[in-house]
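# Chains, contacts and geometry: an overview
One-letter residues, chain by chain:
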Amino acid sequence: MKQSKYFNPTLRDNPADAEIKSHQLLVRAGFIRQNASGIYSYLPLGKKVLSKIEQVIRKELDEAGAQELLMPAIQPAELWQETGRWDVYGPELMRLKDRHGRPFALGATHEELITSLVRDELSSYKQLPVTLYQIQTKYRDERRPRFGLLRGREFIMKDAYSFHSSEEQLDDAYKLMHKTYSKIFTSLGLDFRPVVADSGAIGGKDTEEFMALSSVGEDTIAYSDSSDYAANIEMAEVHVQYEKSDEEELPFAKGEVETSLDHQIHTTVMKVEDEMIAVLVRGDHELNEIKVKNLYGTNMVEVQNEEVDLKEFKGTVIADTAVKAIANGSIIGAYAYHNVNPDRDLSIERYEDLRFIQEGDPSPDGNGTIVFAEGIEIGQVFKLGQTYSETMGAKFLDEGGKAQPLIMGCYGIGVSRTLAAIAEQNADDNGLRWPLAVTPYHVHLITINVKDADQSDLSDRLYDSLKDEHDVLYDDRKERAGVKFKDADLIGLPLRVVVGKKANEGIVEVKRRDTGESIEVPVDNLNSTLQQLLEQMN
Ligand SMILES: O=C(C[C@@H]1CCCCN1)Cn1cnc2cc(Cl)c(F)cc2c1=O
Ligand SMILES: [Mg+2]
Ligand SMILES: [Mg+2]
């Protein structure tokens, strides 16, 4: 492609609202443009990368026996009403009415849609297992879209759904999809980790998230420094045995006294379904609300910003296990007490693992200690079980001819988010750097001075000969060399061929974007040199 004809508007400066490298560079290098908050266009270079990522995903999923289909983005509200999720989700689920005033959802995910499709078509265990997937636009009205493609309101997801007649079949599909995801993210050159995760609002049981390691990731991963244990911090279990303090127990008294954080007891009032509970954690720990949700098996858990007098509180009081070991604690805030011995003074109904794990805590698998890292969630695999098939009446006849609810799994990859994660992990101070698997073009052919006949003739000849072997982006613009080099650094193609002063000697310069090293090459050896370099970079 000749850049003199190419729609690739590059910018010298970072857009004001772009805070992270990948967002800044994808905009400056002309890969994406924002049309509204969290809503983007993929310009030709960006679309090429997006398509290559999708192809890597398709290849692996097809090889794993999954079948691609395409479902509508506009979903009848009735389906979400069948599962009750029409009312569970608030403004994040984008909704619209058709011309007849009928309600629809803009698809945030497709469990309801696919289950309604399958329940009408699948009826016998003989037709199972089956895994169906799509690569399609999703809509989630995030309160605060940010970081460019990392958290958008319209984004591209590969979502797959598997249907089974037994838990074993689901386990096999889950394991296969887990392996398939590892192959996909490895092919894309990503530094990633699968982590134990929380199944969130969709119910179901086992689930793991695939995290691309990055300092801008919103998720925190807790992993062991000496085993392969890794979990989303929301889920990481705390296995610390607390010895009861041997301090002399003093008489309980009203009022606040200065104590160290690990002698303080912090209270959080939470509404669980419609019951008020007080949750206590030690002052140097942080309450993990996800653990409260999982303890009560509900998503209707909400922090109340009110303070209670624990001596008067009529609701249930629960505490993190660390609280039990305190002998003379102090409750701070409006209703302060000191010399508090939780067992003696507070009617604590149960002690549970309710806090966030901390760096230095023992790894829950008993191997090593916990270290944190930031991650970008680029994929997630779920064992859904019968959550959706039961409420939606999606059944199959088993060998005994008995109707059973289908057993399901669902599996997502954030395709547009993965594009940004690849950009984030590979970019350097000069710009983007694309791994071979997804680069929009392989070779950036640059003429230093298009007015110099030797240079422009040789460049045209090289473009004609190279473009059959490689995808070539040819910078034939009437721009100064400096502008061309800056744009080439921004765009980040793996190899650069520069036609300059030595054109009349039939010599060009070849430069690697990843290492920056460059060599002079006689044009007769150019093709073979490029082949060798591309093989080296693979
Ligand atoms: O999407 C999933 C689970 C899996 C992930 C892999 C592919 C299939 N779905 C979880 N989830 C997340 N955010 C949501 C946001 C909205 Cl507004 C919604 F209405 C529903 C969901 C929702 O269900
Ligand atoms: Mg998550
Ligand atoms: Mg998730």
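The structure presented is a predicted model; accordingly, all values stated were derived computationally and were not measured.

## Digging into unusual backbone geometry
Here the bond from Leu 128 into Pro 129 is cis, since omega is 0°, no more than 30 degrees from zero. With respect to the element layout, Pro 129 can be found in the loop between α5 (111–121) and β7 (130–139).

## Examining the coordination of the magnesium ion (ligand 2)
Taken together, Glu 209 (OE) and Glu 377 (OE) make up the protein donors of the magnesium ion (ligand 2), found 2.3 to 2.6 Å from the metal. Here the magnesium ion (ligand 2) and the magnesium ion (ligand 3) are spaced 3.6 Å apart, with Glu 377 acting as a shared donor. Within this pair, whereas Glu 209 is found in strand β10 (residues 207–213), its partner Glu 377 is found in strand β21 (residues 370–385), the two being separated by 168 residues in sequence.

## Quick word on the sheet that holds strand β27 (residues 495–499)
Here we have five strands laid out as an open sheet, ordered β26-β25-β27-β28-β29, and mixed in their pairing. Of all the strands in the sheet, the pair left with one neighbour each is β26 (472–475) and β29 (518–522). When strand polarity is set aside, the average angle formed by the axes of neighbouring strands in this sheet is 25°. Summarising the sheet, β27 and strand β28 (residues 507–512) pair through four bridges and their orientation is antiparallel.

## Quick notes on a negative patch on the surface
The grouping of Glu 273, Asp 274, Glu 275 and Glu 349 at the surface amounts to a negative patch. Topologically, Asp 274 is positioned in the loop between β14 (264–272) and β15 (275–282). Under the relative-accessibility criterion, Asp 274 is labelled exposed at 69%.

## Regarding the pairing of β10
Burial runs high along β10: six of the seven residues are buried. The pairing of β10 with β21 spans seven bridges and is classified as antiparallel. Paired with Thr 207 across the strands is Phe 382, a residue of β21.

## A few points about the sheet that holds strand β5 (residues 95–97)
Sheet strands pair via backbone hydrogen bonds, and the direction of the pair is either parallel or antiparallel. The antiparallel open sheet is built from three strands, whose spatial order is β4-β6-β5. Bordering the open sheet on either side are β4 (74–76) and β5, each of which pairs with just one other strand. Going from strand to strand, the sheet's axes swing by 40° on average, the running direction of each strand aside. Summarising the sheet, β4 and strand β6 (residues 103–106) pair through three bridges and their orientation is antiparallel. In the strand pairing of β6, Gln 75 is matched with Ala 105.

## Points about the packing of aromatic side chains
Applying the stated rule across the entire model yields ten aromatic pairs. Ring plane angle 85° and centroid distance 5.9 Å describe the contact between Tyr 181 and Phe 185, whose orientation is recorded as edge-to-face. Placement of both Tyr 181 and Phe 185 in helix α6 (residues 167–187) is noted, with a separation of four residues, approximately one turn of the helix. Judged on exposure class, the residue Tyr 181 and its partner Phe 185 are both buried. With a centroid separation of 5.7 Å and 45° between ring planes, the pair formed by Phe 185 and Phe 210 is classed as tilted. A residue pair is termed long-range when its members are at least 10 positions apart, and Phe 185 in helix α6 and Phe 210 in strand β10 qualify at 25 residues. On the basis of relative accessibility, which here comes to 0%, the residue Phe 185 falls in the buried class. Phe 210 sits in the buried class, given a relative accessible area of 0%.

## Points about the nonpolar core
Side chains of a nonpolar character, in soluble globular proteins, are inclined to be buried together. With 58 residues, the main nonpolar core has Leu 26, Phe 31, Ile 53, Phe 185, Leu 188, Tyr 411 and Trp 434 as its most contacted residues. Of all hydrophobic cores here, the second largest spans 26 residues; its members include Met 71, Val 118, Leu 384 and Leu 406.

Thresholds applied
- Residues numbered from 1 in each chain as written.
- Chains lettered and ligands numbered in written order.
- Predicted model: local features only at pLDDT ≥ 70, side-chain atom pairs only at ≥ 80, totals over all residues.
- Heavy atoms only, no water.
- Helix = DSSP H or I, 4+ residues; strand = E, 2+ residues; numbered from the N terminus.
- Donors = N, O, S within 2.8 Å, 3.2 Å for Na, K, Ca; no water.
- Pairing = 2+ DSSP bridges.
- Axes fitted to C-alpha atoms, helices over the stretch in contact; angles between N-to-C directions.
- Patch = residues over 30% accessible without salt bridge, like charges linked within 9 Å, V, L, I, M, F, W, Y side chains within 5 Å.
- Areas by Shrake-Rupley, 256 points an atom, 1.4 Å probe, with all protein chains shown as cover.
- Salt bridge = Lys/Arg side-chain N within 4 Å of Asp/Glu carboxyl O.
- Lys, Arg positive; Asp, Glu negative; His and termini not counted.
- Charge placed at Lys NZ, Arg CZ, Asp CG, Glu CD.
- Buried < 20%, exposed > 50% of the residue type's maximum accessible area, 1.4 Å probe, protein only.
- Phe/Tyr/Trp six-rings, centres within 6.5 Å; stacked < 30°, edge-to-face > 60°.
- Core = buried A, V, L, I, M, F, W, Y, C linked by side-chain atoms within 4.5 Å.

It is worth stressing that arrangement in space is one thing and function is another; only the former is reported here.
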